[in-house]
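This is what each chain is made of:
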Amino acid sequence: MQTKKKAEPGDRPLPAHVGIIMDGNGRWAKKRFLPRSAGHKAGASNFRTITRYASQIGIKYLTVYAFSTENWSRPQEEVSALLVLFRQYLEEALRDFAEENIRVRFIGDTSRFPQELRQLIRRVEEASASKTGMVLNLAMNYGGRAELTRAVRLLLQDVKSGVLSEEEIGEEAIAARLYTAGQPDPDLIIRPSGEERLSNFLLWQSAYAEFVYFDILWPDFRPEDLDKALDIYASRQRRFGGA
Ligand code: IPE
Ligand code: IPE
Ligand code: MG
């Protein structure tokens, strides 16, 4: 009898950096006649499962899109429910992630969040700063355009103050002023839920990322689906503009 061999790390070229657009929570809830907030709760719980799995199989950088700069336009009730959920999640993360070798970083303008949440963000970053395993970037109030606008402002400041000359403005100088400075670009971006768009995620960094879309709503996305995405990634031929 032939048994299907489970994919082991090392069997396939593993992306160093994976991005996930966690989408489909609302539709997941709707299908079950539940409020959208119930979908977000299920999504947050799945986020933990997938994060742990990614770290276990040796992904070095994982960036997850949790809240976009455009998501503030949702009904106040939904935004409030999300903020409560973020707080609960981060409190749990402080306890649980203590045992995991994951370094948590936040990308996006977190200054717009309520003070209590901002404090928690700082505590989570500090508590995991010395971890040596997977880097987890949590994109919260993140937008690719806002990130690039911020980089332009930082460049201008540095030119004005003489830290940087005008001639030194180039791709490296820009990349160094993004939230992901010092990290490799994402090799693979996964979007569940059936939508096939970037929605302002990692605009600069995704220049040569491979995209994998799934017709699965985020709360239903399993570790096996991540494995499937990694298999698809391994079968792609990346050319970076070469022949
Ligand atoms: C993603 O799920 C979570 C956030 C954007 C915060 P959605 O809430 O966008 O779910 P759908 O797309 O409406 O199903
Ligand atoms: C993208 O999902 C943002 C996050 C998953 C956090 P959206 O649901 O906000 O994107 P659109 O509106 O479908 O493009
Ligand atoms: Mg959505």
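If you're wondering where the values come from, they're calculated on a predicted model, not measured in any experiment.

Undergrad: Please provide a residue-by-residue account of unusual backbone geometry, values included.
TA: You will see that F33, though not glycine, has its phi angle at about 55°, which is positive. The topology assignment puts F33 in the loop between α1 (25-31) and α2 (36-56). Although it is not a glycine, N200 sits at a positive phi angle of roughly 70°. Relative to the assigned elements, N200 resides in the loop between β5 (188-191) and β6 (210-213).

Undergrad: Break down the site of ligand 2 for me, citing the residues and quoting the values.
TA: Inspection of the region around ligand 2 gives I21, M22, D23, Y65, A66, F67, N71, R74, R191, R197 and S199 as its neighbouring residues. In the model, an oxygen atom of ligand 2 is placed 2.9 Å from a nitrogen or oxygen of the N71 side chain. R191 is positioned with one of its side-chain polar atoms (N or O) 3.3 Å from an oxygen atom of ligand 2. If ligand 2 stood free it would expose 390 Å²; the protein chains cover 78% of that surface. When atom positions are compared with the pocket grids, ligand 2 is found to occupy the largest pocket. In terms of residues, the shell around ligand 2 owes the most to one element, strand β2 (residues 61-68), which gives three residues. Its residues assigned to classes, the shell around ligand 2 shows five nonpolar, two polar and four charged.

Undergrad: An account of the environment of A173 is requested, with residue identities and associated values reported.
TA: Note on placement: A173 falls in helix α6 (residues 171-175). Between the C-alpha atoms of A173 and R103, which are 70 residues apart in sequence, the distance is 25 Å. Contacts of A173, omitting those with residues within four sequence positions, involve L155 and E168.

Undergrad: Describe the site of ligand 1, naming the residues involved and giving the relevant values.
TA: Looking at ligand 1, there are 13 residues lining it, with D23, G26, R27, R36 and R74 nearest. Interatomic distance of 3.1 Å between a backbone N/O atom of N25 and an oxygen atom of ligand 1. Separating an oxygen atom of ligand 1 from a side-chain N or O atom of R36 is a distance of 2.9 Å. When ligand 1 sits alone it has 380 Å² of accessible area, and the protein chains cover 87% of it. With respect to the detected pockets, ligand 1 is housed in the largest pocket. Looking at the shell around ligand 1 residue by residue, the classes come out as three nonpolar, five polar and five charged.

Undergrad: Go over the sheet that holds β2, please, and point to the residues and values.
TA: Taken together, six strands build an open sheet; the order of strands is β3-β4-β2-β1-β5-β6 and the sheet is parallel. Two strands close off the open sheet at either side, each with one partner strand: β3 (103-107) and β6. Averaged over neighbouring strand pairs, the angle between their axes works out to 20° when direction is ignored. Strand direction decides the pairing type here: β3 and strand β4 (residues 135-142), joined by five bridges, are parallel. Across the sheet, the residue bridging to R105 is N137, located in β4.

Undergrad: Describe in detail the packing of aromatic side chains, supporting the description with residues and values.
TA: To describe a pair of aromatic rings, you give the distance between the ring centres and the angle between the ring planes. This structure, assessed with the given rule, holds 14 aromatic pairs. Taking 5.0 Å as the distance between ring centres and 75° as the angle between the ring planes, the aromatic pair formed by F67 and W72 counts as edge-to-face. Of the residues examined, F67 reaches a relative accessible area of 0% and is grouped as buried. On the basis of relative accessible area, W72 is assigned to the buried category, the value being 18%. Centroid distance W218 to F221: 5.4 Å. Interplanar angle 25°. Geometry classified as stacked. Just as W218 is buried, F221 falls in that class too. Aromatic rings pair up to connect Y65, Y142, Y179 and F201 into one cluster. The ring of W72 has R112 lying over it, and the distance from NZ or CZ to the ring centre is 4.2 Å.

Undergrad: Requested: an account of the environment of E77, with residues and values cited.
TA: In this structure, E77 sits in helix α3 (residues 76-96). Distance in space between the C-alpha atoms of E77 and S37 is 9.1 Å, their sequence separation being 40 residues.

Undergrad: Outline the confidence of the model for the protein, listing residues and values.
TA: When pLDDT is averaged along the protein, the result is 95, and 95% of the positions lie at 70 or above. Counting contacts from residues 1-5, a segment whose pLDDT is below 50, to residues more than four positions away or on other chains yields one contact.

Criteria and cut-off values
Residues numbered from 1 in each chain as written. Chains lettered and ligands numbered in written order. Predicted model: local features only at pLDDT ≥ 70, side-chain atom pairs only at ≥ 80, totals over all residues. Heavy atoms only, no water. Helix = DSSP H or I, 4+ residues; strand = E, 2+ residues; numbered from the N terminus. Near = heavy atom within 4 Å. Polar contact = N/O pair within 3.5 Å; in protein donor to acceptor, adjacent residues only side chain to side chain. Areas by Shrake-Rupley, 256 points an atom, 1.4 Å probe, with all protein chains shown as cover. 1 Å grid on protein atoms, 1.4 Å probe; cavity = no way out; pocket = protein on both sides within 12 Å on 5 of 7 lines; lining within 4 Å. Sits in = over half its atoms within 2 Å of the grid points. Nonpolar A, V, L, I, M, F, W, Y, C, P; charged D, E, K, R; others polar. Contact = heavy atoms within 4.5 Å. Pairing = 2+ DSSP bridges. Axes fitted to C-alpha atoms, helices over the stretch in contact; angles between N-to-C directions. Phe/Tyr/Trp six-rings, centres within 6.5 Å; stacked < 30°, edge-to-face > 60°. Buried < 20%, exposed > 50% of the residue type's maximum accessible area, 1.4 Å probe, protein only. Lys NZ or Arg CZ within 6 Å of the ring centre and 35° of its normal. pLDDT = per-residue confidence, 0-100.

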